[in-house]
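Chain and residue survey
Residue-level listing of the chains:
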Amino acid sequence: MKQEYTFIVDRTPSYVRIQEELPSFAGICADFQGLNGAVGRVLLVCDTNTAAIARKILGKEERPRCVLPAGETAKTWASVEAILRAGQEAGLGRDGLFIGVGGGVVSDLTAFAASIYMRGASLCLVSTSLLGMVDAAVGGKTGFDLGGLKNLAGTFYPAPLIYMPLDSLVSLPPPEWKSGMGELIKTAILDDTGALLGQLRLLGSDPLDGMDPAGRERLFVAIAGSVGIKGRIVEADPRETGAERMRLNLGHTFAHALESAAGLGQVSHGEAVAWGLVCACELGYALGLTPLDRVEAIDGLLRDRSYETRVPHPFLTAPGKLEAFMRALDGDKKKKAGDLRFIVPLAKGVTAVSAKDIAADLVERIMRGEH
Ligand SMILES: NC(=O)c1ccc[n+]([C@@H]2O[C@H](COP(=O)([O-])OP(=O)(O)OC[C@H]3O[C@@H](n4cnc5c(N)ncnc54)[C@H](O)[C@@H]3O)[C@@H](O)[C@H]2O)c1
């Protein structure tokens with residue numbers, strides 16, 4: 001099984017290869033040469049959990065690696081600096097190639113570091129988590145967390161070459177499958193045709209299902225479908241200046257505030273997104289935009305896969321947490337120049353609602369479970 005896409009993201013061609021096996025180091029260099037010309041010195045960036053995958057990609061090649069601590073708490077400026085310094089020590093010039101091997105954290109950090117290294121070095125991503133494949137690796141957003149806020153600092157730097165090897169998923173821990181599946185469900189809700197939602201219903205919730213030949217093929221089809229949907233949205237509106245890319249934020253306004261209020265790294269991104277989908281449904285229903293059967297279908301899908309669907313989220317019932325959640329929403333508003341928007345599901349597809357157009361206390365009442 002192999003699926004290739006080329007998306008033009010803000011005039012940069014982004015070549016995505018979804019394939020069974022890990023790419024070899026020589027294969028990456030050959031592909032990169034074919035796309036972008038000569039490859040200079042190379043630095044592999046990974047985390048402690050994906051170091052073994054980076055090792056397999058290298059085979060007998062001895063190349064410098066920068067191994068970061070794993071997880072969201074490592075999505076910091078310190079990690080960016082570690083990558084930049086490792087690039088300098090490895091003698092990377094402007095033609096140097098940064099290869100990020102890991103999930104969304106490694107890809108966001110590596111892409112950010114590449115974007116500022118000597119004002120822009122070459123970049124390749126080998127995405128190793130389900131969430132990284134269906135979301136983080138495609139679309140050009142890079143960044144790191146600052147002051148307790150997710151992705152406060154970042155750049156826009158689409159990777160010209162992205163691999164999504166199914167073999168890398170074999171070592172993915174079950175909670176990370178659940179996290180990735182949250183984003184996959186979000187993308188399926190955006191799909192007006194309903195085809196991806198149909199495919200997801202066929203996927204078992206046990207991650208190992210995905211690794212027998214039939215399950216593996218279904219997983220492959222779902223990943224390829226999701227990448228296709230995200231890629232086309234990003235092509236249409238790369239910098240989120242129009243309404244198109246904003247749709248990808250379905251569930252995210254709530255998810256980011258939950259992640260901040262709970263403490264970064266306490267709730268995985270995809271699980272926060274899954275919970276954010278429930279909140280988006282509740283808001284949409286309260287506004288008369290999301291029909292009840294759509295609310296129930298989304299809620300049922302999430303409950304079947306054991307996502308937290310309770311509102312308020314148990315993390316927000318502890319003293320001070322709801323206030324922290326509302327403050328985080330406010331921080332998001334500042335990031336968006338006062339124009340906070342919520343994306344809510346319609347009978348088919350989704351729509352954006354500006355916070356200015358809804359009662360000021362509606363979101364807080366929903367969060368308290370009072371609506
Ligand atoms: N740039 C974007 O457009 C975009 C979109 C969505 C999410 N993101 C970002 O992505 C991040 C979440 O991505 P994530 O869930 O992949 O996080 P992650 O990179 O932290 O990976 C999750 C965990 O799984 C481990 N892991 C990854 N691949 C593995 C493998 N094959 N085998 C064993 N362990 C493996 C990691 O080491 C980590 O512990 C967040 O920081 C989020 O903001 C970015």
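Before reading on, note that the structure itself is shown above.
The notes below deal with the structure included here. (Residues numbered from 1 in each chain as written. Predicted model: local features only at pLDDT ≥ 70, side-chain atom pairs only at ≥ 80, totals over all residues.)

1. Things to note about the packing of helix H10 (residues 269–286) against helix H11 (residues 292–304)
For clarity, the threshold we go by: To obtain an axis, a line is fitted to C-alpha atoms, over the contacting stretch when the element is a helix, and the angle between two such axes runs from 0 to 180 degrees between their N-to-C directions. Helix numbering and strand numbering both begin at the N terminus, where a helix is a DSSP run of H or I of at least 4 residues and a strand a DSSP run of E of at least 2. The cut-offs work like this: below 35 degrees is roughly parallel, past 145 is roughly antiparallel, 65 to 115 is roughly perpendicular, and the gaps in between are oblique. Should the near helix be turned counterclockwise from the far one by less than a right angle, the crossing is left-handed, whereas a clockwise turn marks it as right-handed. We call two residues in contact when the distance between their C-beta atoms, placed using the backbone, is within 7 Å. Basically, the charged four are Asp, Glu, Lys and Arg, the nonpolar ten are Ala, Val, Leu, Ile, Met, Phe, Trp, Tyr, Cys and Pro, and anything else, Gly included, counts as polar.
Two elements in contact, H10 and H11, have axes separated by 10 Å at closest approach and are oriented at 165°. Accordingly, the angle class assigned to the pair H10 and H11 is roughly antiparallel. Judged by the sense of rotation from one axis to the other, the crossing of H10 with H11 is left-handed. Seen from H10, the contacting residues are Ala-274, Leu-277, Val-278, Cys-281 and Tyr-285; seen from H11, they are Leu-292, Val-295, Ile-298, Asp-299 and Leu-302. Split into classes, the residues belonging to the contact of H10 with H11 amount to nine nonpolar, no polar and one charged.

2. Observations concerning the pairing of strand S4 (residues 65–68)
Definition in use: Residues with at least 20 other C-beta atoms within 10 Å of their own are called buried, those with 12 or fewer are called exposed, and the rest are partly exposed. The C-beta atoms themselves are positioned from the backbone. Two strands pair under a simple rule: DSSP has to find at least two bridges between them. Assignment of crossover handedness uses the view with strands pointing away from the viewer, where a clockwise path from the first strand over the helix to the second indicates a right-handed crossover.
Only one face of S4 is covered, namely the face carrying Cys-66 and Leu-68; the face carrying Arg-65 and Val-67 is uncovered. Here four bridges tie strand S3 (residues 42–47) to S4, and the two strands are oriented parallel to one another. Paired with Cys-46 across the strands is Val-67, a residue of S4. Each parallel crossover has a hand, and the one from S3 via helix H2 (residues 51–58) to S4 is right-handed.

3. What to know about the site of the ligand
Test applied: Residues are classed as near a molecule or strand if the C-beta position derived from their backbone is within 6 Å of it.
Surrounding the ligand, one finds 32 residues, the nearest of these being Asn-49, Gly-103, Gly-104, Val-105 and Ser-129. Contributing elements (two or more residues each) for the shell around the ligand: helix H4 (104–116), helix H5 (130–136), strand S8 (149–153) and helix H6 (174–190). Looking at the shell around the ligand residue by residue, the class counts come to nine nonpolar, 15 polar and eight charged.

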